[in-house]
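These are the residues of each chain, in order.
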Amino acid sequence: MELILMLILFLAAWFWLDSMGKRERAILLGSELAARYNLQLLDESVACTKLSLGRNRRGHVQFLRRYAFDVSARGVDRLHCELILLGDQLQTWHIPPYQQ
């Protein structure tokens with residue numbers, strides 16, 4: 001019984017640490033995307049909105065995480081954007097059209 005409990009605690013700790021690392025990656029990618037389009041990432045607003053499983057190009061199962069974040073073009077507006085990570089790799093992203 002103790003072995004099962006320790007395994008569950010270990011897996012929970014691993015998942016939490018992995019999720020924090022992926023969030024940091026999403027913040028970095030979100031700020032890079034914002035800078036590429038002359039936008040400002042708002043207050044590190046990156047948050048995971050969906051977690052599921054997906055397969056990479058080699059067929060290995062990995063976590064597929066969808067992150068939402070907000071950017072601003074002029075400092076007074078707010079654009080809702082998203083990016084999707086499969087494992088550590090950026091799969092897709094969306095920034096809505098805006099006027100400069």
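First, a word on what this report is: a plain description of the structure on this page. Throughout, residues of each chain are indexed from 1 in the direction in which the sequence is written. It should be noted that, the model being predicted, local features are given only for residues of pLDDT at least 70 and side-chain atom pairs only at 80 or more, the latter also being counted only at that level, while totals for whole chains, interfaces and linings use all residues. The basis for every side-chain value is the complete set of non-hydrogen atoms in the structure, without hydrogens or water.

## What to know about the side chain of D77
Step number 1: Segments assigned H or I by DSSP are reported as helices when at least four residues long, segments assigned E as strands when at least two residues long, and all are numbered from the N terminus. Within the secondary structure, D77 sits in the loop between β3 (61-72) and β4 (79-86).
Step number 2: Classification of D77 by relative accessible area gives buried; the value is 18%.
Step number 3: Among the polar contacts listed, one links the side chain of D77 to the side chain of S72, at a separation of 2.7 Å.
Step number 4: Within the local environment of D77, its side chain forms a polar contact with the backbone nitrogen of A73, the two atoms lying 3.1 Å apart.
Step number 5: Among all residues touching D77, those that are not within four sequence positions of it are L42, V71 and S72. Partly exposed residues are those whose accessible area sits between 20% and 50% of the maximum for their type, while under 20% is buried and over 50% is exposed, using a 1.4 Å probe and protein chains only. Throughout this description, a polar contact denotes any pair of N or O atoms lying within 3.5 Å of each other; where both atoms belong to protein, one of them has to be capable of donating a hydrogen while the other can accept it, and for residues adjacent in sequence the pair is counted only when both atoms sit in side chains. The contact criterion used is simple: two residues touch if any of their non-hydrogen atoms lie within 4.5 Å.

## Regarding the nonpolar core
Step number 1: Joining through side-chain atoms within 4.5 Å is the link that ties buried Ala, Val, Leu, Ile, Met, Phe, Trp, Tyr and Cys residues into a set, and such a set is a nonpolar core. Of all hydrophobic cores here, the largest spans 16 residues; its most connected members are V46, F69, V71 and L83.
Step number 2: Elements that contribute at least two residues to this core include exactly α1 (2-36), β3 and β4.
Step number 3: Looking at this core element by element, the count peaks at five residues for α1.
Step number 4: Ignoring any residue separated from it by four or fewer positions in sequence, one finds V46 in contact with R23, A26, I27, L41, Y67, A68 and F69.

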